[in-house]
Amino acid sequence: MKVDLAIVNAQVFNTFSKRFEKKNVFIVKDKFYYITADEINDCQAAEVVDAKNQYLIPGLMDIHMHIESSMTSPSIFSEAVLTYGVTTVIADAHEIANVFGMEGLEAFFSQPSAMDIFYAIPSSVPSTTPELETTGGFIGVEEVKQLLKHPKVMALGEAMNFNGIVNEPDSLIRQILHAVQEERPLMPLEGHVPRVSGLELSKFLYAGITADHTHQSPESIYEKITNGMFLEFQKKSITPENISVVVENDFYDYMAIITDDVMADDLLEGHLDANVRLAIFSGMPAEQAIYCATYTPARRMGFQDRGAIVPGFKADFLLLNDVESFEIGEVYKDGKLVYTQGDEIKYPAVKPNFPEHFYHSLNCRALTAEDLRFKVKVSEKAVVNVIKISEVGTFTEHVQQEVRVADGFLDWESSGLALIVVMERYGKTGGIAYGFVDKALYEKGAVATTWAHDHHNLMVMGTSLEDIIAAQKQLLDMQGGYVVVQGGDVQAVCPLPVGGIISDAPIQELGAQLMEVRQAMSRLGYRNSNEIMSFSTLSLPVSPVIKITDKGMMNVRSQMMIPLIEGEQL
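These numbers were taken from a predicted model, which means no experiment stands behind them. (Residues numbered from 1 in each chain as written. Predicted model: local features only at pLDDT ≥ 70, side-chain atom pairs only at ≥ 80, totals over all residues. Heavy atoms only, no water.)

1. Here's the deal with the overall build of the protein chain
For the record, the criterion: Counting from the N terminus, the helices are DSSP H or I runs at least four residues long and the strands are E runs at least two residues long. Radius of gyration here uses only the C-alpha atoms, and the compact-globule reference equals 2.2 Å multiplied by the residue count raised to the power 0.38. Note on contacts: a residue pair qualifies if any of its non-hydrogen atoms lie within 4.5 Å across the two residues. For accessible areas, the Shrake-Rupley method is used with a probe of radius 1.4 Å. Any residue's cover is judged against the shown protein chains and nothing else. Positive charges come from Lys and Arg, negative ones from Asp and Glu, while His and the chain ends are left out of the count. To locate a charge, take atom NZ for lysine, CZ for arginine, CG for aspartate or CD for glutamate.
In terms of regular secondary structure, the protein chain is built from 14 helices and 30 strands. The C-alpha atoms of the protein chain give a radius of gyration of 25 Å, which matches the 25 Å a tight globule of 570 residues would have. If one aligns the C-alpha atoms of the protein chain with their principal axes, the spans along those axes are about 95 × 50 × 45 Å. Pairs at least 24 residues apart make up 69% of the contacts formed inside the protein chain by residues separated by at least 6 positions. When the accessible surface of the protein chain is totalled, it reaches about 21,200 Å², and 49% of it is carbon and sulfur. Of the side-chain charges in the protein chain, 45 are positive and 76 negative, and the distance between the mean point of each set is 2 Å.

2. What to know about the sheet that holds strand β8 (residues 60–65)
Which entries qualify depends on this criterion: One requirement defines pairing of two strands: DSSP has to find at least two bridges between them.
Read from one edge to the other, the open sheet built from eight strands follows the order β8-β9-β10-β11-β12-β13-β14-β15, with strand pairing classed as parallel. Unpaired on one side and paired on the other, β8 and β15 (255–257) mark the two borders of the sheet. Summarising the sheet, strand β14 (residues 230–233) and β15 pair through three bridges and their orientation is parallel. Opposite glutamate 232, over in β15, you have alanine 256 as the bridge partner.

3. Examining the pairing of strand β10 (residues 116–121)
Selection criterion: The classification of residues rests on relative accessible area computed with a 1.4 Å probe and restricted to protein chains. Under 20% of the type maximum is buried, over 50% is exposed, and intermediate values are partly exposed. Handedness rule for crossovers: strands pointing away from the viewer, path from the first strand over the helix to the second running clockwise, crossover right-handed.
In terms of burial, β10 is largely enclosed, as six of its six residues are buried. Covered by surrounding structure in β10 are Asp116, Phe118 and Ala120 together with Ile117, Tyr119 and Ile121, the residues of both alternating faces. Judged from the five bridges that link them, strand β9 (residues 86–92) and β10 form a sheet pairing that is parallel. Bridging from a neighbouring strand, isoleucine 90 pairs with phenylalanine 118 of β10. For the segment spanning β9, helix α2 (residues 94–109) and β10, crossover handedness is right-handed. Sheet analysis places β10 next to strand β11 (residues 153–159), joined by three bridges and oriented parallel. Paired with tyrosine 119 across the bridge in β11 is valine 153.

4. Here we look at the packing of helix α7 (residues 218–226) against helix α8 (residues 240–249)
Test applied: The axes used here are C-alpha line fits, helices contributing only the stretch in contact, and every angle between their N-to-C directions lies in the interval 0 to 180 degrees. Working rule for handedness: look at the near helix, and if it is turned counterclockwise from the far one by less than a right angle, call the crossing left-handed; if clockwise, right-handed. Residues are grouped as follows: Ala, Val, Leu, Ile, Met, Phe, Trp, Tyr, Cys and Pro are nonpolar; Asp, Glu, Lys and Arg are charged; all remaining types, including Gly, are polar.
Packing of α7 against α8 leaves a shortest axis separation of 8 Å and a crossing angle of 35 degrees. Considering only the axes of α7 and α8, their crossing is right-handed. Side by side, α7 and α8 meet where Pro218, Ile221 and Tyr222 of the first sit next to Glu241, Asn242, Val245 and Asn249 of the second. Looking at side-chain class alone, the contact of α7 with α8 contains four nonpolar, two polar and one charged residues.

5. Thoughts on the packing of aromatic side chains
Let me state the cut-off plainly: Pairing of aromatic rings covers Phe, Tyr and Trp, the last through its six-membered ring, and needs centres within 6.5 Å; plane angles under 30 degrees mean stacked, over 60 mean edge-to-face, and all others mean tilted.
Across all of its chains, the model carries 17 aromatic pairs by this definition. Here the aromatic rings of phenylalanine 118 and phenylalanine 303 are separated by 5.1 Å at their centres, their planes lie at 65 degrees, and the arrangement is edge-to-face. Here phenylalanine 118, found in strand β10, pairs with phenylalanine 303, found in the loop between α11 (295–300) and β16 (317–322); they are 185 residues apart in sequence, far enough to count as distant. Across this residue pair, the class does not change: phenylalanine 118 and phenylalanine 303 are buried.

6. Describing the sheet that holds strand β28 (residues 546–549)
Spatial strand order, β28-β29-β30: three strands in an open sheet with antiparallel pairing. Edge positions in the open sheet fall to β28 and β30 (561–562), since each of these has one partner strand only. As paired strands, strand β29 (residues 552–555) and β30 are joined by two bridges and run antiparallel to one another. Bridging from a neighbouring strand, methionine 553 pairs with isoleucine 562 of β30.

7. Re the pattern of salt bridges
Cut-off, in case you're wondering: A pairing counts as a salt bridge when a side-chain nitrogen of Lys or Arg comes within 4 Å of a carboxyl oxygen of Asp or Glu.
This structure, assessed with the given rule, holds 22 salt bridges. Residue lysine 224 is joined to aspartate 212 by a salt bridge in which the shortest nitrogen-to-oxygen separation is 2.8 Å. Of this pair, lysine 224 sits in helix α7 while aspartate 212 sits in strand β13 (residues 211–212); the two residues are twelve residues apart in sequence, bridging distant segments of the chain. Arginine 373 serves as the salt-bridge partner of glutamate 370, at 3.3 Å between the closest nitrogen and oxygen. One connected set of salt bridges, linked through shared partners, spans Asp116, Asp305, Arg306, Lys314, Asp316, Lys333 and Asp334.

8. A few points about unusual backbone geometry
In this structure, the amide linkage connecting histidine 453 to the following residue, aspartate 454, adopts the cis form with an omega of -15 degrees. Tracing the backbone through its elements, the reader meets aspartate 454 in the loop between β24 (446–449) and β25 (458–462). Each neighbour pair has its own omega, and for proline 544 with valine 545 the value is 5 degrees, a cis peptide bond. One non-glycine residue, lysine 18, adopts positive backbone phi at about 55 degrees. Relative to the helices and strands, lysine 18 resides in the loop between β2 (5–14) and β3 (19–28). Looking at lysine 18, the relative accessible area reads 23%, which means it is partly exposed. Notably, glutamine 559 is not glycine yet its phi reads approximately 60 degrees, a positive angle. For glutamine 559, the position within the fold is in the loop between β29 and β30.

9. Let's talk about helix α12 (residues 465–477)
So the rule is basically this: Helix span is expected to be 1.5 Å times the residue number reduced by one.
Across its 13 residues, α12 extends 19 Å between first and last C-alpha, which sits within 8% of the 18 Å expected from 1.5 Å per residue. On the buried face of α12, the contacting elements are β22 (418–423), β24, β25 and β26 (481–486). With its phi angle positive at about 60 degrees, glutamine 479 sits one or two positions after the end of α12.

In structure tokens, the structure reads:
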């Protein structure tokens, strides 16, 4: 028997018994050929690796994630996550699609990668409707039909528009769902189903949506799974109380561990492997956690060639030094060693290449002081509508607060609130929207970004008029990214020059810049378990309860606009 690689004396994970068994694994080319406990005396192996009782498991698979959440390109991302044992991902590239449409998707599809990157069709570009948010790109029914023919497309990405799914049979998202069901009836349809239950949950399922990746509770896990919905657990859903529901009800076959969003600085510490560890720490047996990060995601996406250590499957695997701590010793992709513990994250051999105009995508004027002064009719105090953020997660509350009026203008700088401004940046309308945010910044300063989900317009929030203007100017000068300003001085920057949402810098450099931004936000008083995602989703009009786009503040569920000043229109 001639083989290319023999791994001997390994504790091999059997997906179907969910047990480790001491075996030898033989690989020909890029696939597993033979797995046995017997010694093969006549084996001629080009290379033999003695695992010395290391634990051999399938490569990890992340079936719901966004490469742009790491603010980097597919090729740079690929090199980074391979070091964490992730060998396959299904990427929903709806961020680049919101900025550049089909051209952005093609730019991602064409990037070389060391790992296997498949794609989910962005179903919600924009996430709601063009009347509620302005985007640079648009994905409609015809674009979806075109993408369905692409060999890298495995699923329909998360369907988000609550009203369109639940209440509007002729909405664009319902048309897209119908088109996919007609053209590719076996394709998985992914959903964005936060805080949806009862009849509304049934309407999502009736429309064909069979998975959800949003923030779960013990109650939502039980209701959704027992109604036939596959659940994808990201970090904020992996808690002891949630995992106990899975364990007690033996729900492992109806869930997968995923990442959704991993910031560039967090990517320096881990990826899907970190969530596997968290699941084990939260009470999930290690063998089940491995199962839910390899086989159940592969089965959900319809793969017939990966997710288990069996003959004929791709030879993507890890050698673990320890199972409970999920300590990775080596990573193999297509039967080739690509990472050994202690290796640094590599930069691609060829620098990522994008069209020149991707680096010059901000078509937006500079703010002036007049833009930030609000004349009101009342003489003493005005009631304003406010977005109240939370310290964990991205959900918000709608509250109201009285703000003093001075000389006919709203004295917002002394209110204790932060002013948030969203400016249309694609040169289409020139629109500007305003809101107030509570529990945001406790010091004088400003934060600005073009990494504003999902429309990625220019968003700036601050407690000082001068700092807001300075932050916005800096953002324009560097063609997008993240900026923190205090006292007129720039405290931290993270340039994202490609479409204002990604960088082609090494991930170590990018991660360090983003960490500086995160720390600068914290010094201004921003408090959240993920400051970057919390701020960047204040503009996401499908995440409860109140958010803001370039069209204004809106109630996410009803999609009704909310005025800045109660009873007045600017």
